[in-house]
Amino acid sequence: MSSTAAAEDRPLTRSGRVSLLGLDEAGLHALLQELDEKPFRSKQLRQWLHQRRVFDFDAMTDLAKGFRGKLADLSELRVPQAVFDRESGDGTRKWLLALESGQAVETVYIPERGRGTLCVSSQVGCALDCGFCSTGKQGFNRNLTAAEIIGQLHFATRALEQEGRDRRVTNVVMMGMGEPLANFRNVVAATNLMVDPYAWALSRRRVTLSTVGLVPALYRLADVSNISLAVSLHAPNDALRDEIVPINRKYPLRELLPACEHYIGNTPHHCIYWEYVMLDGVNDSQGHARQLIDLLGNIPSKINLIPFNPFPGTHYAASPRERIQRFADTLQRAGFITTIRRTRGQDIDGACGQLVGQVINRRNQGKRGTTTASA
């Protein structure tokens, strides 16, 4: 990449400065080349920014003073700030984080024994309009920058440290607002930083990208990333999935499944995580369970059954617990590792399908899509 191309491709803030927090190893190398600085400075910068979380260039004592001056002149370091902060009775914590554009996204921390999972957003709103998801009902405003994505991890880590309860982020899931593969470049840069040994140093098995199945992007992902993959399946046949997940009309199951098999065949992972939201009378019968068994066949799989969390305006209802258990039992008898997700954070609208931050819908520009769930 030439220095001119690199300059044109750099992520910039609204003030025109380089958004330094979102540059992964390759991005920093390109910037350093443009500044005529040594490549090893990339490692130093990633350690200062993401491991030590130092944002004062003067405090980066192993960097040359002249280089620190260049960084101060051209770059900006910004972490999202909380509009509100709520904690559920089960310990789940949810933040509405303000962005530079005046929009906001939601980030959720889910504590469990021995781990803490941060659910991160990749877009302001979502364009895919899945029937069971309240975020999709708001429409889409824009992609998050890599700095805004990784900034959620910075914010949450700092907030958890300040609360003084020895809670920390051990896992990150790209399951918040938006479709991660529709924001490919920024999501890849941010997840690169999450698994980078000189940045956040999380295991690739502890960083999971969840997608409804943008097939061309799935093939691209296998070439540039090796994080864990979760696929929002939600139906065992095309007719039903067309209704629940409309993007299936463009990328049907006969195209999606080979792309998933390609991913696990070209990365160090041994299985795909399938997400399946349980909708009363829609996709939860024993017949659907048997279709799912036939569909997945010999694909190495783990299936996560998700109790539906109703939201205002939805026409779906949650499957009864007994029916979910029967569905799980049928899958397990067929040899599939199957779990039923424990619903977390419902009292703060923080559970799956209820991430509903403030969005300006591009299809209805100027009308603020704030719901009572986020007020």
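Nothing here was measured: the structure is a model prediction, and the numbers come from that model.

1. What about the nonpolar core?
Ranked by internal contacts, the top residues of the largest apolar core, which has 106 residues, are Trp274 and Leu305. Per-element tally for this core: the top contributor is helix α5 (residues 146-163), with eight residues. Discounting chain neighbours no more than four positions away, the residues touching Trp274 are Val231, Leu233, Leu257, Cys260, Leu296, Ile299, Ser301, Lys302, Ile303 and Asn304.

2. So, helix α4 (residues 65-74)
All buried positions along α4 are accounted for by Phe67, Arg68, Leu71 and Leu74. Projected onto a plane normal to the axis of α4, the buried residues spread over an arc of 145° and lie on a single side. Exposed and facing more than 90 degrees away from the buried side of α4 are Lys65 and Asp73. Looking at the buried side of α4, the elements it contacts are β1 (18-19), α2 (25-34), α3 (41-51) and β2 (75-76).

3. Describing the packing of aromatic side chains
Taken as a whole and judged by the stated rule, the model has four aromatic pairs. Between the aromatic rings of Tyr276 and Phe327, the centroid separation amounts to 5.2 Å while the plane-to-plane angle is 35°, which identifies the pairing as tilted. You can see Tyr276 sitting in strand β12 (residues 272-278) and its partner Phe327 sitting in helix α11 (residues 321-333), a full 51 residues away along the chain. Just as Tyr276 is buried, Phe327 falls in that class too.

Calculation criteria
Throughout, residues of each chain are indexed from 1 in the direction in which the sequence is written. Only residues with pLDDT of at least 70 get local features here, since the model is predicted, and only at 80 or more are side-chain atom pairs given and counted; chain-wide, interface and lining totals rely on the full set of residues. Side-chain metrics in this entry use all non-hydrogen atoms of the structure; hydrogen atoms and water are not considered. By nonpolar core we mean a set of buried residues, namely Ala, Val, Leu, Ile, Met, Phe, Trp, Tyr and Cys, connected to one another through side-chain atoms within 4.5 Å. With a 1.4 Å probe rolled over the protein chains alone, any residue whose accessible area is under 20% of its type maximum counts as buried; one over 50% counts as exposed, and the rest are partly exposed. Put simply, DSSP H or I for four residues or longer makes a helix, DSSP E for two residues or longer makes a strand, and each gets a number counted from the N terminus. Whether two residues are in contact is decided by their heavy atoms, any of which lying within 4.5 Å being enough. Think of it as the arc spanned by the lines of direction from the helix axis to the C-beta atoms. Geometry of aromatic contacts follows a simple scheme: Phe, Tyr and Trp rings, the Trp one being its six-membered ring, pair when their centres are within 6.5 Å, and the pair is stacked under 30 degrees between planes, edge-to-face over 60, tilted otherwise.

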